[in-house]
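# Structural features, examined
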Amino acid sequence: MFDIAVIEDPAAAEASLDPTRARLLAELAEPASATMLAARVGLPRQKVNYHLRALEQHGLVELVEERRKGNVTERVLRATAASYVISPTALAAVRPDPSHAPDRLSARWLLALAARLVQDVGSLVTGADRAGKRVATFAVDATVRFATPADRAAFAEELASTITTLVARYHDESTPGGRDHRVVLALHPSAEPASATSSDTDTPIEGH
């Protein structure tokens, strides 16, 4: 079982978004049979089996073992991942495109960048899983509290300047066999209720 799996197929995304099937996926973090699940979620076993077949068809659950009980064969299933993320690829016709009107001070452009990040990294993870390899990535997740909006603006400018300098230092357009890497930098107010204030409606700043 993976810690997280990427859903790129529209039909699989639709199946995972059904409330009953999402509940079954959560329950299947540990292997269970339709009979066991029916008792947990309060549904008839036949209905649970119906939903499990749909989830299995789209690769969201997998067979762990089959147990013989009298004249009945009990199938024990498990979710293929502990959690799932739906890639914008599943909404190909309407997925956001950061190249449309890029604006460093736009929260919606930041969303478009984030969506592309999910799409690109999701595709890399899926391919690496199939090949039995790892993806070379790096990320930093930090929280900073600014005393004033001026401090926030100064921080953003210094951060952007530092990243620009690093990119210029290490980027080599002519290296044979070199591989492009995308750097996405974002700064936005925390969404946690405890730290959210009316002043957080100021536009976030993000770099790329």
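Look up: the structure comes first, before these words.
My aim in this report is to walk through the structure given alongside it, one point at a time. Only a predicted model underlies this, so the values are computations on that prediction, with no experimental measurement involved.

So, on to the overall build of the protein. Counting its regular elements, the protein contains six helices and seven strands. Listed N to C, the secondary structure of the protein is β-α-α-β-α-α-β-β-β-α-α-β-β in terms of helices and strands. A compact globule built from 208 residues should have a C-alpha radius of gyration of about 17 Å, whereas the protein, at 23 Å, is more than 25% larger. By its C-alpha atoms, the protein is 70 × 50 × 30 Å across when sized along the principal axes. Classification of the 208 residues of the protein by burial places 25% in the buried group. Long-range contacts, defined as pairs at least 24 residues apart, comprise 58% of the intrachain contacts of the protein with a sequence gap of at least 6. Each charge class in the protein can be summarised by its mean position, and for the 23 positive and 27 negative side chains these summaries are 9 Å apart.

Leu 24, Leu 28, Leu 37, Val 48, Leu 52 and Leu 55 are the most contacted members of the largest nonpolar core, which totals 19 residues. When contributions to this core are tallied by element, the ones reaching two or more residues are α1 (10–17), α2 (19–27), α3 (34–41), α4 (45–57) and β4 (72–79). The greatest single-element share of this core, amounting to four residues, is contributed by α3. Once you skip the residues sitting within four places of it in the chain, Leu 52 turns out to touch Leu 24, Leu 28, Ala 34, Leu 37, Val 61 and Leu 77.

On to the pairing of strand β3 (residues 61–69), then. A regular strand carries its side chains on alternate faces of the sheet. Across eight bridges, the pairing between β3 and β4 is antiparallel. Bridge assignment links Arg 67 to a residue of β4, and that residue is Glu 74. What sits between the antiparallel neighbours β3 and β4 is a turn of two residues, in which Gly 70 has the positive phi angle 65°.

Calculation rules
- Residues numbered from 1 in each chain as written.
- Predicted model: local features only at pLDDT ≥ 70, side-chain atom pairs only at ≥ 80, totals over all residues.
- Heavy atoms only, no water.
- Helix = DSSP H or I, 4+ residues; strand = E, 2+ residues; numbered from the N terminus.
- Rg over C-alpha atoms; globule rule 2.2 N^0.38 Å.
- Buried < 20%, exposed > 50% of the residue type's maximum accessible area, 1.4 Å probe, protein only.
- Contact = heavy atoms within 4.5 Å.
- Lys, Arg positive; Asp, Glu negative; His and termini not counted.
- Charge placed at Lys NZ, Arg CZ, Asp CG, Glu CD.
- Core = buried A, V, L, I, M, F, W, Y, C linked by side-chain atoms within 4.5 Å.
- Pairing = 2+ DSSP bridges.

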